[in-house]
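Structural characterization, general
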Amino acid sequence: VMSGDKKVSLSIGDEVSEGDRIETDASGKAQILFTSGNQLNLTPNSVIVITEVNENETGKDAKKRVVLDLIKGRVRNKVNQSYNGDQSYYRIRTGSAVAGVRGTDFVVTQDGDDKITTSKIETLEGTVELSDAKFEQKAVIAKGEGSSFVIDKDGKGQLTPVYKMSDEQIAGLQKDTSFSLENSKMVAK
């Protein structure tokens, strides 16, 4: 994890904080458990920044917010809290797109090269709203569906049509992103 400009290796039970950048190498996996019970699994070769975490407010008007920036790789989000999408939200941002949820289980994959970058959302439970960074193009991706936001070399972005995942795709996704690192959760405060 990069905390400020220091790079430190994480151990089981370590706390990670707002502003930290977490990287996994080719054989690395990480599981972060938020105080709310939300859970984030990072697969190998992934980089994510914990941009904003505010989960401590309670009550009807609580501004519970989680903003995570996925730089590369693939993360699975199990979001148990419910968010209204307005004052309170859970968002995963990539360079080009935003995935916003009210409470669900979904996977975000970010990859690309010099010519094209793709932010893919695949929903395992609930629904996810995928939009461009300016919230001008939007798609709702329900359980068992996927969609991508693709940016070409000129910086033009577009949503791809929402597709149904096959049983094999769902099983593969579960297998790649579902790992229980028993007693190895990192805690986000």
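Here is a short report on the structure shown in this document. By convention here, each chain's residues receive numbers from 1 onward along its written sequence. With pLDDT at 70 or above as the cut-off, local features in this predicted model cover only qualifying residues; side-chain atom pairs require 80 or more to be listed or tallied, and sums for whole chains, interfaces and linings still use all residues. Each side-chain value is worked out from all heavy atoms of the structure, with water and hydrogens disregarded.

Burial here depends on accessible area, computed with a 1.4 Å probe over protein chains only, as a share of the maximum for the residue type. Under 20% is buried, over 50% is exposed, and the range in between is partly exposed. Only DSSP runs of H or I reaching four residues or more are called helices, and only runs of E reaching two or more are called strands; each is numbered from the N terminus. Of the two faces of strand 6 (residues 39–42), the one carrying Gln-39 and Asn-41 and the one carrying Leu-40 and Leu-42 are both buried. For two strands to be treated as a pair, DSSP must find at least two bridges joining them. Inspection of the sheet shows strand 5 (residues 30–34) paired to strand 6 by 4 bridges, in the antiparallel sense. If you follow Leu-33 over to strand 6, its bridge partner there is Gln-39. Connecting strand 5 to the antiparallel partner strand 6 that follows it, the hairpin turn spans 4 residues, and Gly-37 within it adopts a positive phi of roughly 100°. Of the pairings in the sheet, the one linking strand 6 to strand 8 (residues 65–78) comprises 4 bridges and is antiparallel in character. Residue pairing in the sheet places Leu-42 in a bridge with Val-75 of strand 8.

Let's shift gears to the environment of Val-49. Checked against the element boundaries, Val-49 lands in strand 7 (residues 47–54). For the pair formed by Val-49 and Glu-18, sequence separation is 31 residues and the distance between their alpha carbons is 8.2 Å. By the convention used here, residues are in contact when the closest approach between their heavy atoms is within 4.5 Å. For Val-49, the residues in contact, after removing those within four places along its chain, are Gly-19, Asp-20, Arg-21, Val-67, Leu-68, Asp-69 and Ile-71.

With that settled, the discussion passes to the packing of aromatic side chains. By convention, a stacked pair of Phe, Tyr or Trp rings (six-membered ring in the case of Trp) has centres within 6.5 Å and planes under 30 degrees apart, an edge-to-face pair has planes over 60 apart, and any other such pair is tilted. Under the criterion given, the structure shown has 0 aromatic pairs. A positively charged side chain is recorded as over a ring if its NZ (Lys) or CZ (Arg) lies within 6 Å of the ring centre. The angle to the ring normal must also be within 35 degrees. Stacked on the ring of Tyr-89, the Lys or Arg Arg-91 has its end atom at 3.7 Å from the ring centre.

Another aspect to go through is the nonpolar core. In this description, a nonpolar core means a group of buried Ala, Val, Leu, Ile, Met, Phe, Trp, Tyr and Cys residues linked to one another through side-chain atoms lying within 4.5 Å. One finds Leu-40, Ile-48, Leu-68, Tyr-90, Ile-92 and Phe-106 to be the most contacted residues of the largest nonpolar core, which totals 31 residues. By residue number, the principal contributor to this core is strand 8, which donates 4 residues. Aside from chain neighbours lying at most four places away, what touches Ile-48 is Asp-20, Arg-21, Ile-22, Leu-40, Leu-42, Leu-68, Asp-69, Leu-70, Val-75 and Ile-92.

Looking at chain direction, strand 10 (residues 97–101) and strand 13 (residues 127–132) are connected through 5 bridges and run antiparallel. Bridge assignment links Gly-100 to a residue of strand 13, and that residue is Glu-129. Note that strand 13 and strand 14 (residues 138–142) share 5 bridges and pair antiparallel. Considered in strand 14, the bridge of Thr-127 is made with Ala-142. Connecting strand 13 to the antiparallel partner strand 14 that follows it, the hairpin turn spans 5 residues, and Phe-135 within it adopts a positive phi of roughly 60°.

Once that is clear, we can look at unusual backbone geometry. Positioned with a positive phi, Asn-45 is a non-glycine residue whose angle comes to about 55°. At Phe-135, a residue that is not glycine, the phi angle is positive and equals roughly 60°. Within the secondary structure, Phe-135 is located in the loop between strand 13 and strand 14. A relative accessible area of 36% means that Phe-135 is categorised as partly exposed.

The residue Lys-72 is located in strand 8 in this model. Sequence separation between Lys-72 and Glu-23 is 49 residues, and the spatial gap between their C-alpha atoms is 9.4 Å. Setting aside its immediate chain neighbours within four residues, Lys-72 contacts Asn-45, Ser-46, Val-47 and Gln-110.

Honestly, it's all geometry; don't read function into it.
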